[in-house]
Amino acid sequence: LVNINSATVDELMTLPNIGPKKAAAIIQFREENGSFAVIEDIMAVSGIGEKTFENLTDLITVSP
């Protein structure tokens, strides 16, 4: 599982449909808004909608 609260750009890019731009957006969102509380919070990141989230559900975590 990839922890979206601590993953680097390279780690995030191992996920399906996550390229350099989305990985950077996830990290920027995290830096500006704090840690994700639940995995569904990743959908608040620009460019990540329900379809992308469905592909990530079993691959991501928000472990402390």
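Here, the structure is the one placed above.
The text that follows walks through the structure, step by step, so that each part is easy to find. Bear in mind the structure is a predicted one, so any value in this text is a computation, not a measurement. (Residues numbered from 1 in each chain as written. Predicted model: local features only at pLDDT ≥ 70, side-chain atom pairs only at ≥ 80, totals over all residues. Heavy atoms only, no water.)

**Some remarks on the overall build of the protein chain**
Working step 1: Helices and strands together make up the secondary structure of the protein chain, namely three helices and two strands.
Working step 2: Order of helices (α) and strands (β) in the protein chain, N terminus to C terminus: β-α-α-α-β.
Working step 3: Taken against the 2.2 N^0.38 rule, which gives 11 Å for 64 residues, the C-alpha radius of gyration of the protein chain at 10 Å falls within 12% of a compact globule.
Working step 4: If one aligns the C-alpha atoms of the protein chain with their principal axes, the spans along those axes are about 25 × 20 × 20 Å.
Working step 5: Out of the 64 residues in the protein chain, the part that is buried amounts to 36%.
Working step 6: In the protein chain, 47% of the contacts between residues at least 6 apart in sequence involve partners at least 24 apart.
Working step 7: Put simply, the protein chain shows about 3,900 Å² of open surface, and 52% of that area lies on carbon and sulfur atoms. (Helix = DSSP H or I, 4+ residues; strand = E, 2+ residues; numbered from the N terminus. Rg over C-alpha atoms; globule rule 2.2 N^0.38 Å. Buried < 20%, exposed > 50% of the residue type's maximum accessible area, 1.4 Å probe, protein only. Contact = heavy atoms within 4.5 Å. Areas by Shrake-Rupley, 256 points an atom, 1.4 Å probe, with all protein chains shown as cover.)

**What about the environment of Val-9?**
Working step 1: Structurally, the position occupied by Val-9 is in helix H1 (residues 9-12).
Working step 2: Assessed through its relative accessible area of 30%, Val-9 is described here as partly exposed.
Working step 3: Counting along the chain gives 45 residues from Val-9 to Glu-54, while the straight-line C-alpha distance between them is 20 Å.

**Some details on unusual backbone geometry**
Peptide bonds are mostly trans, and most non-glycine residues show a negative phi.
Working step 1: With phi around 65 degrees, Asn-17 is a residue other than glycine that occupies positive phi space.
Working step 2: Position of Asn-17 among the secondary structure elements: in the loop between H1 and helix H2 (20-33).

**Some words on the environment of Gly-47**
Working step 1: Note on placement: Gly-47 falls in the loop between H2 and helix H3 (50-56).
Working step 2: Sequence-wise, Gly-47 and Ile-60 are 13 residues apart; in three dimensions their C-alpha atoms are separated by 17 Å.
Working step 3: Discounting chain neighbours no more than four positions away, the residues touching Gly-47 are Lys-22 and Thr-52.

**Things to note about the nonpolar core**
Working step 1: Judged by nonpolar contacts, the single largest core of 18 residues is most densely connected at Ile-4, Leu-12, Leu-15, Ile-18, Ile-26, Ile-42 and Ile-60.
Working step 2: Of all the elements in the fold, those that place two or more residues in this core are H2 and H3.
Working step 3: The leading source of residues in this core is H2, at three residues.
Working step 4: Excluding residues within four positions of it along the chain, Leu-12 makes contact with Val-2, Ile-4, Ala-7, Ile-18, Ala-23, Ile-26 and Ile-27. (Core = buried A, V, L, I, M, F, W, Y, C linked by side-chain atoms within 4.5 Å.)

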